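Examination of the molecular architecture
Here is how the chains run, residue by residue.
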Amino acid sequence: QKEVEQDPGPLSVPEGAIVSLNCTYSNSAFQYFMWYRQYSRKGPELLMYTYSSGNKEDGRFTAQVDKSSKYISLFIRDSQPSDSATYLCAPHLRGAQKLVFGQGTRLTINP
Amino acid sequence: DSGVTQTPKHLITATGQRVTLRCSPRSGDLSVYWYQQSLDQGLQFLIQYYNGEERAKGNILERFSAQQFPDLHSELNLSSLELGDSALYFCASSVGGTPTHYGYTFGSGTRLTVV
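Rules behind the numbers
- Residues numbered from 1 in each chain as written.
- Chains lettered and ligands numbered in written order.
- Predicted model: local features only at pLDDT ≥ 70, side-chain atom pairs only at ≥ 80, totals over all residues.
- Heavy atoms only, no water.
- Phe/Tyr/Trp six-rings, centres within 6.5 Å; stacked < 30°, edge-to-face > 60°.
- Helix = DSSP H or I, 4+ residues; strand = E, 2+ residues; numbered from the N terminus.
- Buried < 20%, exposed > 50% of the residue type's maximum accessible area, 1.4 Å probe, protein only.
- Lys NZ or Arg CZ within 6 Å of the ring centre and 35° of its normal.
- Pairing = 2+ DSSP bridges.
- Axes fitted to C-alpha atoms, helices over the stretch in contact; angles between N-to-C directions.
- Contact = heavy atoms within 4.5 Å.
- Buried area = accessible area lost by both parts, 1.4 Å probe.
- Nonpolar A, V, L, I, M, F, W, Y, C, P; charged D, E, K, R; others polar.

Turning to the packing of aromatic side chains, a few remarks are in order. Under the counting rule described, the total for this entry stands at 14 aromatic pairs over all chains. Between Tyr32 of chain A and Tyr51 of chain A, the ring centres sit 4.9 Å apart and the planes meet at 45°, which makes this aromatic pair tilted. Highlighted residues: Tyr32 of chain A in strand E4 (residues 32-38) and Tyr51 of chain A in strand E5 (residues 45-51), separated in sequence by 19 residues. Overall, the relative accessible area of 10% leaves Tyr32 of chain A in the buried class. Members of the aromatic cluster, joined through ring pairs, are Tyr36 and Phe101 of chain A together with Tyr33, Tyr35, Phe45, Phe90, Tyr104 and Phe106 of chain B. Lying across the ring of Tyr49 of chain A, Lys56 of chain A places its NZ or CZ 4.1 Å from the centre.

Pasting the structure below:
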């Protein structure tokens, strides 16, 4: 079983739609949950992170963690064509030597 | 600009050849991480250096090696290249020896094509 599972998509939605991106993970010790966004031909950049369970909102983006089911979600409201990118989840354990990433979901927002 | 510099941006080479990818970390960062990204495998951790010393090793092939120099820049050497080594290679950096909840900062990558 992979440590982090993420549906690679691709996912294509119309502009203005609500997008839901999801990951599952196997290590119950993970404490921090990061989402990276990667535009085509660019390196991943940190979009947001949450600590432990619960929700965190940042503008049109909401990250949600359910540690009981080991499930991570990223919601994008009022999606824009500029949100078209690959989104990678990265749950993390403090002190762990490296980040482990999901495979990434390729998202396209159609005008 | 993330502050992490990778060169070259693109590299095309033949099978059996050897190439060197270079990474300069963000100012003040002591750790350098190398990742390989292919379409079917996603981002795979290769190796980490912290202040000149190897700290962690992932799924790095024996044909691959890396080092970090006193000025903290790092080089990833790939030898006896095969078609399957074609991928994006990313370097990332962080301040300490392990990533924090801010993760780390990635460079723009080197796209390697082996023909």
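The structure having been displayed, the exposition proceeds.
Here the focus is unusual backbone geometry. Across the chain, the bulk of peptide bonds are trans and the bulk of non-glycine residues have phi less than zero. Here the amide bond leading from Gly9 of chain A into Pro10 of chain A is cis, since omega sits at 10°, within 30 degrees of zero. Residue placement: Pro10 of chain A occurs in the loop between strand E1 (4-6) and strand E2 (11-14). One non-glycine residue with positive phi stands out, namely Arg41 of chain A, at about 65°. Structurally, Arg41 of chain A can be placed in the loop between E4 and E5. For Arg41 of chain A, a relative accessible area of 62% puts it in the exposed group. The backbone of Ser80 of chain B shows a phi angle near 45°, a positive value even though the residue is not glycine.

This paragraph deals with the sheet that holds E2 of chain A. Residue and element names in this part refer to chain A. Strand order in the open sheet formed by 5 strands is E2-E10-E9-E4-E5, and the pairing between neighbours is mixed. In the strand order of this sheet, the two ends are held by E2 and E5, each with one partner. Ignoring which end each strand starts from, the neighbouring axes of this sheet average 25° apart. Inspection of the sheet shows strand E9 (residues 85-92) paired to strand E10 (residues 105-110) by 3 bridges, in the antiparallel sense. By the bridge assignment, Thr86 is partnered in E10 with Arg106.

Okay, the interface of chain B and chain A next. It is common to report an interface's size as the accessible area lost on association of the parts. If you look at the interface, chain B gives 25 residues, while chain A gives 19 residues. Counting each side, the surface lost to burial between chain B and chain A is near 1,800 Å², with a carbon and sulfur contribution of 57%. Mapped by element, the contributors of at least two residues to the side of chain B that touches chain A are strand E4 (31-38), strand E5 (42-50) and strand E6 (53-57) of chain B. Looking at the side of chain B that touches chain A, the element that brings in the most residues is E5 of chain B, giving 4 residues. Partitioning the side of chain B that touches chain A into residue classes produces 11 nonpolar, 11 polar and 3 charged.

Before going further, it helps to spend a moment on the pairing of E4 of chain A. Residue and element names in this part refer to chain A. The buried fraction of E4 amounts to 7 of the 7 residues, a majority that puts the element mostly inside the structure. The alternating pattern of E4 places Tyr32, Met34, Tyr36 and Gln38 on one face and Phe33, Trp35 and Arg37 on the opposite face, and all of these are buried. Here E4 pairs with E5 via 6 bridges, running antiparallel. Bridge pairing links Tyr32 to Tyr51 in E5. Strand direction decides the pairing type here: E4 and E9, joined by 7 bridges, are antiparallel. Its bridge partner lying in E9, Arg37 is registered against Tyr87.

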